[in-house]
Amino acid sequence: MAVCTVYTVQPLNTSCSISTPTKTHMGFNQKQVFFFNNSSKNTNNNTRFRGNKITCSGGDTIVIGLAADSGCGKSTFMRRLTSVFGGAASPPKGGNPDSNTLISDTTTVICLDDYHSLDRTGRKEKGVTALDPRANDFDLMYQQVKALKDGVAVEKPIYNHVSGLLDPPELIKPPKILVIEGLHPMYDQRVRDLLDFSIYLDISNEVKFAWKIQRDMAERGHSLESIKASIEARKPDFDAYIDPQKQYADAVIEVLPTRLIPDDNEGKVLRVKLIMKEGVKYFNPVYLFDEGSTVSWIPCGRKLTCSYPGIKFAYGPDTYFGHEVSVLEMDGQFDRLDELIYVESHLSNISTKFYGEITQQMLKHADFPGSNNGTGLFQTIVGLKIRDLFEQIAASKASAPLEATKA
Ligand SMILES: Nc1ncnc2c1ncn2[C@@H]1O[C@H](COP(=O)(O)OP(=O)(O)OP(=O)(O)O)[C@@H](O)[C@H]1O
Ligand SMILES: O=C(CO)[C@H](O)[C@H](O)COP(=O)(O)O
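None of these values were measured; they are calculated from a predicted model. Residues take numbers from 1 onward in each chain, read along the sequence in its written order. Chain letters and ligand numbers both follow the written order, the letters beginning at A and the numbers at 1. Selection of residues for local features in this predicted model requires a pLDDT of at least 70, selection of side-chain atom pairs for listing and counting requires 80 or more, and totals for whole chains, interfaces and linings are taken over all residues. Hydrogens and water molecules were not included; the side-chain quantities draw on all heavy atoms of the structure.

Peer 1: Explanation requested: the sheet that holds strand E16 (residues 311-320) in the structure shown.
Peer 2: Each strand in a sheet pairs with its neighbour through backbone hydrogen bonds, running either in the same direction (parallel) or in the opposite one (antiparallel). The 10 strands are arranged E6-E7-E10-E5-E11-E12-E13-E17-E16-E15 in an open sheet whose pairing can be described as mixed. Of all strands in the sheet, those with a lone pairing partner are strand E6 (102-103) and strand E15 (295-297), marking the two edges. Any two strands between which DSSP finds at least two bridges are classified as paired. The secondary structure listing takes helices from DSSP runs of H or I that are at least 4 residues long and strands from runs of E that are at least 2 residues long, numbered from the N terminus. For strand E11 (residues 197-203) and strand E12 (residues 251-257), the ladder comprises 5 bridges, and the chain directions are parallel. Bridge pairing in E12 links Ile199 to Ala251.

Peer 1: Sorry if this is basic, but what is going on with the site of ligand 2 here?
Peer 2: Nearness is defined per residue: one heavy atom within 4 Å of the molecule or strand is enough. Close contacts around ligand 2 come from Ser70, Asp113, His116, Arg120, Arg123, Ala130, Tyr159, His161, Leu183 and Arg234, and that covers them all. At a separation of 2.9 Å, an oxygen atom of ligand 2 approaches a polar side-chain atom of Asp113. Counted as a polar contact is a pair of N or O atoms within 3.5 Å, where, for protein atoms, one must be capable of donating a hydrogen and the other of accepting one, and residues adjacent in sequence contribute only when both atoms are in side chains. At 2.8 Å, a side-chain N or O of Arg120 approaches an oxygen atom of ligand 2. Accessible surface area values rest on a Shrake-Rupley calculation with a 1.4 Å probe, where residue burial reflects the displayed protein chains alone. Its free accessible area being 370 Å², ligand 2 has 79% of it covered by the protein chains. For this scheme, ten residues count as nonpolar: Ala, Val, Leu, Ile, Met, Phe, Trp, Tyr, Cys and Pro. Four count as charged, namely Asp, Glu, Lys and Arg, and the remainder, Gly too, count as polar. Here the shell around ligand 2 is built from residues that sort into 3 nonpolar, 3 polar and 4 charged.

Peer 1: Where do I start with the site of ligand 1 in this structure?
Peer 2: Around ligand 1, the structure places 14 residues, and the nearest of them are Gly71, Gly73, Ser75, Thr76 and Thr375. Contact between ligand 1 and Ser75: an oxygen atom at 2.4 Å from a side-chain N or O atom of the residue. Thr375 is positioned such that a nitrogen or oxygen atom in its side chain is 2.8 Å from a nitrogen atom of ligand 1. The protein chains hide 82% of the 630 Å² of surface that ligand 1 would expose on its own. Among the secondary structure elements, those contributing two or more residues to the shell around ligand 1 are helix H1 (74-84) and helix H5 (205-218). Looking at the shell around ligand 1, its residues break down into 3 nonpolar, 8 polar and 3 charged.

Peer 1: I'm lost on unusual backbone geometry in this one. Help?
Peer 2: Note: most peptide bonds trans; most residues except glycine with negative phi. In this model, Tyr308 is joined to Pro309 through a cis peptide bond whose omega is 5°. In this structure, Pro309 sits in the loop between E15 and E16. Residue Phe289 is not a glycine yet carries a positive backbone phi of 65°. In this fold, Phe289 is placed in the loop between strand E14 (287-288) and E15.

Peer 1: Whenever I open this one, the side chain of Gln361 confuses me. Can you help?
Peer 2: Along the chain, the position of Gln361 falls in helix H8 (residues 357-364). Engagement of the side chain of Gln361 in a polar contact is seen with the side chain of Ser83, the distance being 2.9 Å. Two residues qualify as a contact provided that any one of their heavy atoms is within 4.5 Å of a heavy atom in the partner residue. Beyond its immediate chain neighbours, meaning those up to four positions away, Gln361 contacts Ser83, Val84 and Thr380.

The following block contains the structure:
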């Protein structure tokens, strides 16, 4: 797919989105596109934008949705995912230093906070949280994700987490894989229908609390009371608007307190479940030993070093929001990451390209949070499944014209 863009940005006082073919240039279909941002709902930013843009035919972008509350490991997951494709991910070159976007050779990760229609002051004035749909512009989110999927570059707004304001937009070109991560990738049905695969990171309240304390007290100087208050304040909207999205996810990574230590409240040892929907095109759930059977496995024998409280795996079929699913569970943590190869060799359908690829990825990012437990392991596995999904979709598209000529 060829991608090229020439554009200018200037204020425009009308609210419209028009795409008019004007001429063909260098073999590309040039269009004039009027971009607009969400200013009509934003009290502090009333600028609209117009651009002249060349779009190139394409429409090969696959779209992945990753939903989770703030501070639940989305960035860590994204770093693992982009690493599976190789190459480093970085913000758009020469752009806004506070951009939330990460671009690598294959993937572009956009943060859906950029579709906040109310900035920090606007939310305060209206008494709504960022989780409330009224603080977000789903029309624009839909239009832009659709445009990217169709091979058209967009001018995406930027929500600046440092200033709390909406900054001038940045240009996003259609990538091979577009990941939309944030609070609401599966909230709006139009956006949901554009997703080729969706993931929900479901962090239980106990664990979320432990992680937030660790980060916000150590790194951001917040007090225990203020962390508790912020979690409590978000909870009603989290329950109403964020949590229900997990019913739509193709894969859910659920993070719970361990069952290996009675009454554990430290949140250091975790029980993590990978819930995988059956019947999703291009996605074959991972299994342990025997597909479809129910398995409980404590691998702490001669091949795996396990200090207290040990490690326990479980696998089996289940239902989740009325869907048939396969669930792989890991409780506990690895003492020695290099020994993970022993566990990897007992898993099937993991979509690796060579023996030991999961272990290699985990060792490569041993310093990322969760590398010694099921969060890191399952995030890595989902990354490999996304690569596989991408390759299968690409292969089916490549063979489609061939099939058509045969018919
Ligand atoms: N698997 C994990 N195990 C332990 N702690 C974790 C794990 N994942 C994330 N954390 C903790 O949560 C914090 C936030 O992680 P991360 O930045 O990946 O989340 P996020 O969802 O992108 O957050 P935000 O939306 O606030 O930017 C980390 O600094 C770390 O303290
Ligand atoms: O839930 C969030 C998503 O990450 C943030 O709280 C939301 O984006 C508002 O951000 P800020 O606190 O920087 O104004």
